[in-house]
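Structure assessment
Read off the chains here:
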Amino acid sequence: MGTIVWSPLSAGLLSGKIRRGQPIPESSRLAQGGGQGPQVPDERLFAIIDVLDEVAAETGKTVPQVALNWLLQRPTVVNLVIGARNEEQLRQNLAAAGWNLTPEQVARLDAVSATEPIYPYWHQRRFPMLGHTGI
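Structure report, in brief. (Residues numbered from 1 in each chain as written. Predicted model: local features only at pLDDT ≥ 70, side-chain atom pairs only at ≥ 80, totals over all residues. Heavy atoms only, no water.)

1. Observations regarding the overall build of the protein
- For the protein, the count of helices and strands is six helices and two strands.
- Helices and strands appear in the protein in the N-to-C order β-α-α-β-α-α-α-α.
- A separation threshold of at least 6 residues defines the contact pool for the protein, and within that pool the share at least 24 residues apart is 74%. (Helix = DSSP H or I, 4+ residues; strand = E, 2+ residues; numbered from the N terminus. Contact = heavy atoms within 4.5 Å.)

Pasting the structure below:
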């Protein structure tokens with residue numbers, strides 16, 4: 001089974017345009033009524049962006065390229081549905097493929113973006129052997 005991720009930059013939240021203490025750019029999808037998905041607490045978003053910034057500086061890539069590349073390295077992700085507004089955005093997004101983050105960079109992004117699983121998953125994780133014994 002695989003996952004096709006729609007809106008992988010979360011209507012621009014992970015584009016690097018949204019910054020702590022700065023107004024949302026008028027040209028962004030969020031300012032134009034986009035972003036209908038689930039709300040993300042500001043501090044969680046900015047913590048993720050901080051790590052994306054660090055990894056982008058280490059790799060010489062852009063924040064969106066790092067975010068998209070991280071998704072492409074997820075074990076169940078088989079494809080991304082991107083919504084580029086113009087040719088330049090499309091080219092930038094496509095440049096997220098063909099290279100890999102290091103395991104350490106992936107681990108940092110995994111840690112900062114981790115969420116508490118919903119029931120029954122949080123409960124099942126208390127019993128790691130259940131999935132392996134067939135019980």
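2. What about the nonpolar core?
- Counting residues in each nonpolar core, the largest one holds 26 residues, and the members touching the most others are Leu-14, Leu-45, Leu-52, Val-66, Leu-101 and Leu-109.
- Listed by contribution, the elements that provide at least two residues to this core are α1 (42-59), α2 (63-72), β2 (77-81) and α4 (103-113).
- With eight residues, the single largest contributor to this core is α1.
- Filtering out sequence-adjacent residues up to four positions away, Leu-52 remains in contact with Leu-14, Val-63, Val-66, Ala-67 and Leu-109. (Core = buried A, V, L, I, M, F, W, Y, C linked by side-chain atoms within 4.5 Å. Buried < 20%, exposed > 50% of the residue type's maximum accessible area, 1.4 Å probe, protein only.)

3. Considerations on the pattern of salt bridges
- For the structure on display, the rule yields eight salt bridges.
- Across the salt bridge formed by Glu-58 and Arg-108, the nearest N and O atoms sit 3.0 Å from each other. Of this pair, Glu-58 sits in helix α1 while Arg-108 sits in helix α4, placing them 50 residues apart in sequence.
- In this structure, a network of salt bridges that share partners links the residues Glu-54, Glu-58, Glu-104 and Arg-108. (Salt bridge = Lys/Arg side-chain N within 4 Å of Asp/Glu carboxyl O.)

4. Some remarks on the packing of α1 against α2
- Remark: α1 packs on α2, axes separated minimally by 8 Å, with the N-to-C direction vectors making an angle of 100 degrees. On the basis of their axis angle, the class for α1 and α2 is roughly perpendicular. Here α1 contributes Leu-52, Asp-53, Val-55, Ala-56 and Thr-59 to the contact with α2, which in turn contributes Val-63, Val-66 and Ala-67.
- Of the residues belonging to the contact of α1 with α2, the class tally is six nonpolar, one polar and one charged. (Axes fitted to C-alpha atoms, helices over the stretch in contact; angles between N-to-C directions. Parallel < 35°, antiparallel > 145°, perpendicular 65-115°, else oblique. Nonpolar A, V, L, I, M, F, W, Y, C, P; charged D, E, K, R; others polar.)

5. Structural notes on α2
- Burial runs high along α2: nine of the 10 residues are buried.
- Of all the residues in α2, the buried ones are Val-63, Pro-64, Gln-65, Val-66, Ala-67, Leu-68, Asn-69, Trp-70 and Leu-71.
- Taken together, the buried residues of α2 touch β1 (3-6), α1, β2, α3 (87-94) and α4.

6. With respect to unusual backbone geometry
- With an omega of 10 degrees, the peptide bond running from Tyr-119 to Pro-120 counts as cis.
- Residues other than glycine seldom take positive phi values, yet Ser-7 does so here, at roughly 55 degrees.
- With respect to the helices and strands, the residue Ser-7 is situated in the loop between β1 and α1.

7. What to know about the packing of α1 against α4
- Running from N to C, α1 and α4 cross one another at 170 degrees; their axes reach a closest spacing of 9 Å. Taken together, the axes of α1 and α4 lie roughly antiparallel to each other. Contact residues: α1 offers Arg-44, Ala-47, Ile-48, Val-51, Leu-52, Glu-54, Val-55, Glu-58 and Thr-59, while α4 offers Gln-105, Arg-108, Leu-109, Val-112 and Ser-113.
- Classifying every residue of the contact of α1 with α4 by side-chain character gives seven nonpolar, three polar and four charged.

8. Points about the environment of Leu-71
- Along the polypeptide, Leu-71 turns up in helix α2.
- Among all residues touching Leu-71, those that are not within four sequence positions of it are Val-5, Pro-8, Val-77 and Leu-80.

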